[in-house]
Amino acid sequence: MTLPILPTSVVGSYSMPGWLERLKTEYHARRISKQDLDEIHDTAVKAAIKDQEVAGIDIITDGELRRDNMIDYFVERLPGVQFDRSSKKFYYDFYDCEVLGKLPSGPLGLTGDFRFLKANTERETKICITGPHSLSKRIRNKHYPSEEAFAMDLARVINQELKDLVKAGATRIQIDEPYFSGFPEDLGWGVAALNELVAGVNAFVGVHICYGNRYGKPAWEGSYRYLFPKILDAKVQQVTMEFARRGGEDLDLFREFSAPFEVGVGVIDVKTQAVETPELVAERIRKALEFIPKERVVVLPDCGCLHLPRNVAFAKLSAMVEGAKLVRKELGN
Amino acid sequence: MLLQINHLQKTPAANAAHDVIDALLSLLEAGQLEAGQLARLRVQLDWIQYRNNFRESVMAVPCGNSPEVSIAALDLHVNTRQFGKDSLQAEILDAISGCKENGTQHAARIPLEEFCSFHSSIAWEFNRLYWHRLADWERATGRGYEQALPGGKSDAHHPEAIADGVADFWTLLKDMEHHNQLPAEIFVLEIGVGLGKRAALWLDRFQELDQQRGTSYYPRLKFLLGDYSLATLERSRPALQKHAELCSFVVLDALNPIRSLSFLRHKLLHIHLTNVYDNLPDEELARRDGRLYLVQVRAYLPKAEAERICKNAEVSLGELHRNVNRLLEIGPDFFASRSQGVVFWQEVWKGLRLEERLVSLEELPAETLPEGLGLARMEEVLRNAPSDVRFHLSTGAIESLRNTLPLLRPRGYLQVQDIFVTDLNDYRTGFYGPGKVDGSIVNWVNGVLLREVAERAGYDLHFAPFHYRPGSHTSVLYTTQRE
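Here the structure is a predicted model, which means the values were calculated and not measured.

**Q** Before we go on, may I ask you to explain the overall build of chain B in this structure?
**A** Regarding its fold elements, chain B presents 15 helices and 21 strands. A sequence separation of at least 24 residues applies to 78% of the contacts in chain B between residues at least 6 apart. When the accessible surface of chain B is summed, it comes to about 20,700 Å², and 49% of that surface belongs to carbon and sulfur atoms. A distance of 3 Å separates the average location of the 52 positive side-chain charges in chain B from that of its 63 negative side-chain charges.

Quick look at the structure:
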């Protein structure tokens, strides 16, 4: 599938409807069955796919609507991780979870999600996986000698899942590591765990690093300078970051350090419901092009659209697509 | 008939209960109350009031929209500290017969509005007028508003509380600096500034601590003082003269601070409010037999009171409504002399009462509940609450909270010093407003609902007792970032 220059994509999650939030919470309260919830998820995912297609996104995801949050979907699937189902009051809460022994290997079952996505779209697809550093920050470690050792073993287990995804036809994989920004001191071993995770995975792999989007607000603040130069050791082809809400001040880091990556440039602020105009999006893309060659720019929102109302998320994605078209035209494409 | 007795110390509950039951049975035997009516009465003793309040000592509140008083359930609230034993029977009869034809006018009352949610009542227009024309009110009464507070002064200025608050904030800044997270500009906001005393004390203490510890945070401070009254902001200015270079005075609505400060989204490290939430428009819900009802109110003046006020103001009774509306639109200057206008204002306010009725939430638009707290959520919150309970919705406080939290920077926190109900069970055993404090309204704030709304916005709320003054009802709400 040929992508245009400045292809558009999403970071992962799409708007979570209020009714789905209530039904997920009902499921946790054991008031609806798993079978019913699975059917509800299938329907919601199809709608999210359709919205991305209609908005004109080039590389789409399943909207991650099956996931309660970026951590628990993996907690529930990682063999050897203990969690308390009753620890959630609201579906979006984190499980209280811990690891008590060495993680056994085993499938996580993400290939089913991927196959469902592929079966329901002709577009280029991407699947998003929470990275070992972020998981190690949320799962209480009661076995490994260090967080680093735990993260490395998480990487080992999930690596097999990535290979299974590739076998199932996945060509684009995004690793989400927002906790890098909260714990910059971990970056050295965080990148090592990332590399362990993607070792031998024959796909186009990106890493998403933002400043958090829990409850639609930033969890940390600072400068992306902390990533450099260590991030250059990451064996990934793409890095995606937020530049809409925070401004483009850190874009010059890519020139300063001659970063070899394709850069997913966040041009949509997902922490406000104000919808950007295509002209504003175009301005943000042009700013990025001052520092990164056009062949290496992908256009994205800052982070997932989970916390935005559906109509706002759709309008923002549509504006993003239109803004990318404006710049392509200026570039003669 | 259901009888709910709130046990209060120093209240002769047994005698009061006996008197009320005796009065009701006498009315029944005299044929002035039907057996069916009695069966559907829900009598509450003691219907505790603020000393200055909006209610009669005996008040009947119809529940549901049935026009037939014999069918409608009635809540009968009796303030045992106020009723007269000799007049009790007449007061009960008057209260019940006043509900006979739902929505129509009680013969001895002059209504000033149609039934509406308390949130929309003109009572809040009086509250607004008070803050905008505070100087006129104070001139007439000869005392400042803080002297009108219970205890004669505000807990906002307690030096130890301020010193502890400053120390906590300094510790946060130090830790942020240690983690290389401290921004170049340190934004702090106080909403509801009063006379500026608290802000001045806070800044004095912060400057002192900063100098003692040699940290140079003070010059980086940007201290914003926000209030919806320009007059109040102006009055606060002199107190802050010493720190003038750091201070900005911003007219903002406490219900929606981010509307005025959107450029500071995710930028503020500390936001403080004292006794603001208890003065924001509010309304109440009641749960009866598993259903939720909104308490609607209608402001009125007792007819005798209205006649007296009109006579003093030299206006006809027919002109009363128009004069009240003009007062609320223009202020006391609407009258020939300002002092005459202030007298009219104070007399109407003093006499103002609210009659009530309960309207099923199912019959009202979904927007009746505040944003972020729909019916499904409300039912979830009430799952473990008492089955029969009447509680504040704290609409204004919830709106304010929702529109303040997005201003906080990561690791920033909100601190609210106010009067909170933190357990819905407490509504069964106490009364928490509304009351009148001078020309303004005071209402306790439903901390349970605030906590619920905050959680969905990514913050945990904590309530700590204000331990600096023994006997204080004040609590301190503070936020922590939710993981």
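**Q** What is the right way to read the overall build of chain A from this model?
**A** A count of helical and extended segments in chain A gives 11 helices and 11 strands. In terms of overall dimensions, chain A is globule-like: its C-alpha atoms have a radius of gyration of 19 Å, near the 20 Å expected for 333 residues. Each of the three principal axes of chain A carries a C-alpha extent, and together these read 55 × 40 × 35 Å. Here the contacts in chain A between residues at least 6 apart in sequence split such that 78% fall between residues at least 24 apart.

**Q** For this particular structure, what's the right way to read the sheet that holds strand E5 (residues 127-130) of chain A?
**A** Strand-to-strand pairing in sheets goes through backbone hydrogen bonds, with the strands running parallel or antiparallel. Residues and elements named next belong to chain A. The strand order across the open sheet built from six strands is E5-E7-E8-E9-E10-E11, with neighbouring strands paired in parallel fashion. Each of the sheet's edge strands pairs with one partner strand only, and the pair in question is E5 and strand E11 (297-301). Here the average twist between neighbouring strands, direction ignored, is 25°. Sheet analysis places E5 next to strand E7 (residues 172-176), joined by four bridges and oriented parallel. Bridging across to E7, Thr130 finds its partner in Asp176. Each of E5 and E7 is contacted by helix H6 (residues 147-167), which is oriented at about 175° to E5, the strand it contacts most.

**Q** Before we go on, may I ask you to explain the packing of helix H5 (residues 134-141) of chain B against helix H12 (residues 338-351) of chain B in this structure?
**A** The description of two packed helices rests on the angle between their axes and on the distance between the axes. Residue and element names in this part refer to chain B. Two numbers describe how H5 lies on H12: the axes approach to 10 Å, and their chain directions differ by 85°. Here H5 lies roughly perpendicular to H12, going by the angle between them. Along the contact surface, H5 presents Asp136, Trp137, Arg139, Ala140 and Thr141, while H12 presents Arg338, Val342, Trp345, Gln346 and Trp349. Considering only residue class, the contact of H5 with H12 consists of five nonpolar, two polar and three charged.

**Q** Sorry, what's going on with the interface of chain B and chain A here?
**A** Interfaces are often described in size by the accessible area the parts lose on coming together. Each partner contributes to the interface: chain B provides 16 residues, whereas chain A provides 17 residues. Summing both partners gives a buried area of about 1,500 Å² for chain B against chain A, and 47% of it is carried by carbon and sulfur. One can count five salt bridges joining chain B with chain A. At the boundary of chain B and chain A, one finds nine residue pairs in polar contact (both at pLDDT 80 or more). Contributing elements (two or more residues each) for the side of chain B that touches chain A: helix H13 (375-381), strand E15 (408-418) and helix H15 (447-456) of chain B. For the side of chain B that touches chain A, the leading source of residues is H15 of chain B, giving three residues.

**Q** Any chance you could explain helix H1 (residues 18-28) of chain A here in plain terms?
**A** Because an α-helix completes one turn every 3.6 residues, residues spaced three or four positions apart along the sequence face the same direction. All names here are of chain A. Among all positions in H1, only Leu20, Lys24, Thr25, Tyr27 and His28 are buried. Down the axis of H1, the smallest arc covering the buried residues is 155°, so these residues share one side. Next to the buried residues of H1 lie helix H2 (34-55). One or two steps after H1, the chain reaches Arg30, where phi turns positive at roughly 60°.

**Q** Mind showing me how you'd approach the side chain of Arg172 of chain A here?
**A** All names here are of chain A. Take Arg172: it is sitting in strand E7. Owing to a relative accessible area of 16%, Arg172 belongs among the buried residues under this scheme. Only 3.3 Å separates the side chain of Arg172 from the side chain of Glu124, close enough to count as a polar contact. Setting aside residues up to four positions removed in sequence, Arg172 forms contacts with Leu3, Ile59, Glu124, Thr125, Lys126, Ile127 and Phe204.

**Q** Quick question: what am I supposed to make of the nonpolar core here?
**A** Soluble globular proteins: nonpolar side chains tend toward being buried together. Leu78, Ile129, Ile139, Leu162, Ile175, Tyr224 and Leu227 of chain A are the most contacted members of the largest nonpolar core, which totals 106 residues. Counting residues in hydrophobic clusters, the runner-up holds 57 residues, among them Leu224, Leu373, Ala385 and Leu407 of chain B.

**Q** Mind showing me how you'd approach the pattern of salt bridges here?
**A** Considering all chains together, one arrives at 70 salt bridges over all chains under this definition. One salt bridge connects Glu242 of chain A with Arg245 of chain A, and the closest N-O pair in it is separated by 3.4 Å. Just as Glu242 of chain A is buried, Arg245 of chain A falls in that class too. Close ionic contact of Arg308 of chain B with Glu305 of chain B constitutes a salt bridge, the shortest N to O distance being 3.2 Å. Here Arg308 of chain B and its partner Glu305 of chain B are both found in helix H10 (residues 303-313), three residues apart, which amounts to about one turn of the helix. Among the charged side chains, a salt-bridge network with shared partners connects Lys89 of chain A together with Arg377, Glu452, Glu455 and Arg456 of chain B.

**Q** Mind showing me how you'd approach unusual backbone geometry here?
**A** Most peptide bonds take the trans configuration, and most residues that are not glycine carry a negative phi. The omega torsion of the bond from Phe228 of chain A to Pro229 of chain A falls at 5°, within 30 degrees of zero and hence cis. Between Gly433 of chain B and the following residue, Pro434 of chain B, the backbone shows a cis peptide bond with an omega angle of 10°. In this model, Ser216 of chain B sits at a positive phi of 55°, which is unusual for a non-glycine residue. Turning to its location among the elements, Ser216 of chain B is positioned in the loop between helix H7 (197-213) and strand E8 (221-227).

**Q** Is there a simple way to explain the environment of Arg328 of chain A in this structure?
**A** Residues and elements named next belong to chain A. Checked against the element boundaries, Arg328 lands in helix H11 (residues 310-330). Residue Arg328 is classed as buried on the basis of its relative accessible area, which comes to 12%. In this structure, the C-alpha to C-alpha distance between Arg328 and Ser258, residues 70 residues apart in sequence, is 24 Å.

**Q** I keep staring at a nonpolar patch on the surface and nothing clicks. Help me out?
**A** Residues and elements named next belong to chain B. Together, Met1, Leu3, Ile5, Ile21 and Leu25 give the surface a local cluster of nonpolar side chains, amounting to about 370 Å² of exposed area. Looking at the nonpolar patch, the elements that each hand over two or more residues are strand E1 (2-5) and helix H1 (13-29). Inspection of the secondary structure puts Met1 in the segment before E1. Residue classification places Met1 among the partly exposed residues on the basis of a relative accessible area of 38%.

**Q** Quick question: what am I supposed to make of H2 of chain A here?
**A** All names here are of chain A. Helix length check: H2, at 22 residues, gives a terminal C-alpha distance of 31 Å against a target of 32 Å (1.5 Å per residue), a fit within 8%. Restricting attention to buried positions, one finds in H2 the residues Leu37, Ile40, His41, Ala44, Val45, Ala48, Ile49, Asp51, Gln52, Glu53 and Ala55. Structurally, H2 contributes buried residues whose contacts are with H1, strand E1 (59-60), helix H4 (110-119) and H11. Count one or two residues on from H2 and you reach Gly56, which has phi positive near 95°.

**Q** How should I be thinking about the packing of aromatic side chains in this particular structure?
**A** The geometry of an aromatic ring pair is captured by two quantities: the separation of the ring centres and the angle between the planes. Here the structure, examined in full by the defined rule, presents 33 aromatic pairs over all chains. Measuring from ring centre to ring centre gives 4.9 Å for Tyr92 of chain A and Tyr215 of chain A, while their planes differ by 90°; the resulting arrangement is edge-to-face. Here Tyr215 of chain A lies in the loop between strand E8 (204-209) and strand E9 (238-242) and Tyr92 of chain A lies in the loop between strand E2 (81-84) and strand E3 (96-99), a separation of 123 residues in the sequence. For the pair formed by Tyr92 of chain A and Tyr215 of chain A, the shared burial category is buried. Ring centres of Tyr179 of chain A and Phe183 of chain A lie 6.4 Å apart, and the angle between their planes is 0°; on these two criteria the pair is classed as stacked. Classification of Tyr179 of chain A by relative accessible area gives buried; the value is 13%. Among the aromatic side chains, those forming a connected cluster through ring pairs are Phe54, Phe118, Trp124, Phe126 and Trp349 of chain B. Above the ring of Phe116 of chain A, the side-chain terminus of Arg66 of chain A is found at 4.8 Å from the ring centroid. Directly above the ring of Tyr92 of chain A sits Arg214 of chain A, whose terminal nitrogen or CZ lies 3.9 Å from the centroid.

**Q** When you look at the sheet that holds E3 of chain A in this model, what are you seeing that I'm missing?
**A** All names here are of chain A. One open sheet accounts for three strands, arranged E2-E3-E6; its pairing is mixed. Lying at the two open borders of the sheet, with one neighbouring strand each, are E2 and strand E6 (140-141). One ladder, built from four bridges, connects E2 with E3; its direction is antiparallel. Note that in E3 the partner of Val81 across the bridge is Val99.

Thresholds, definitions, all that
Residues numbered from 1 in each chain as written. Chains lettered and ligands numbered in written order. Predicted model: local features only at pLDDT ≥ 70, side-chain atom pairs only at ≥ 80, totals over all residues. Heavy atoms only, no water. Helix = DSSP H or I, 4+ residues; strand = E, 2+ residues; numbered from the N terminus. Contact = heavy atoms within 4.5 Å. Areas by Shrake-Rupley, 256 points an atom, 1.4 Å probe, with all protein chains shown as cover. Lys, Arg positive; Asp, Glu negative; His and termini not counted. Charge placed at Lys NZ, Arg CZ, Asp CG, Glu CD. Rg over C-alpha atoms; globule rule 2.2 N^0.38 Å. Pairing = 2+ DSSP bridges. Axes fitted to C-alpha atoms, helices over the stretch in contact; angles between N-to-C directions. Parallel < 35°, antiparallel > 145°, perpendicular 65-115°, else oblique. Nonpolar A, V, L, I, M, F, W, Y, C, P; charged D, E, K, R; others polar. Buried area = accessible area lost by both parts, 1.4 Å probe. Salt bridge = Lys/Arg side-chain N within 4 Å of Asp/Glu carboxyl O. Polar contact = N/O pair within 3.5 Å; in protein donor to acceptor, adjacent residues only side chain to side chain. Buried < 20%, exposed > 50% of the residue type's maximum accessible area, 1.4 Å probe, protein only. Arc of directions from axis to C-beta. Core = buried A, V, L, I, M, F, W, Y, C linked by side-chain atoms within 4.5 Å. Patch = residues over 30% accessible without salt bridge, like charges linked within 9 Å, V, L, I, M, F, W, Y side chains within 5 Å. Expected span 1.5 Å × (residues − 1). Phe/Tyr/Trp six-rings, centres within 6.5 Å; stacked < 30°, edge-to-face > 60°. Lys NZ or Arg CZ within 6 Å of the ring centre and 35° of its normal.

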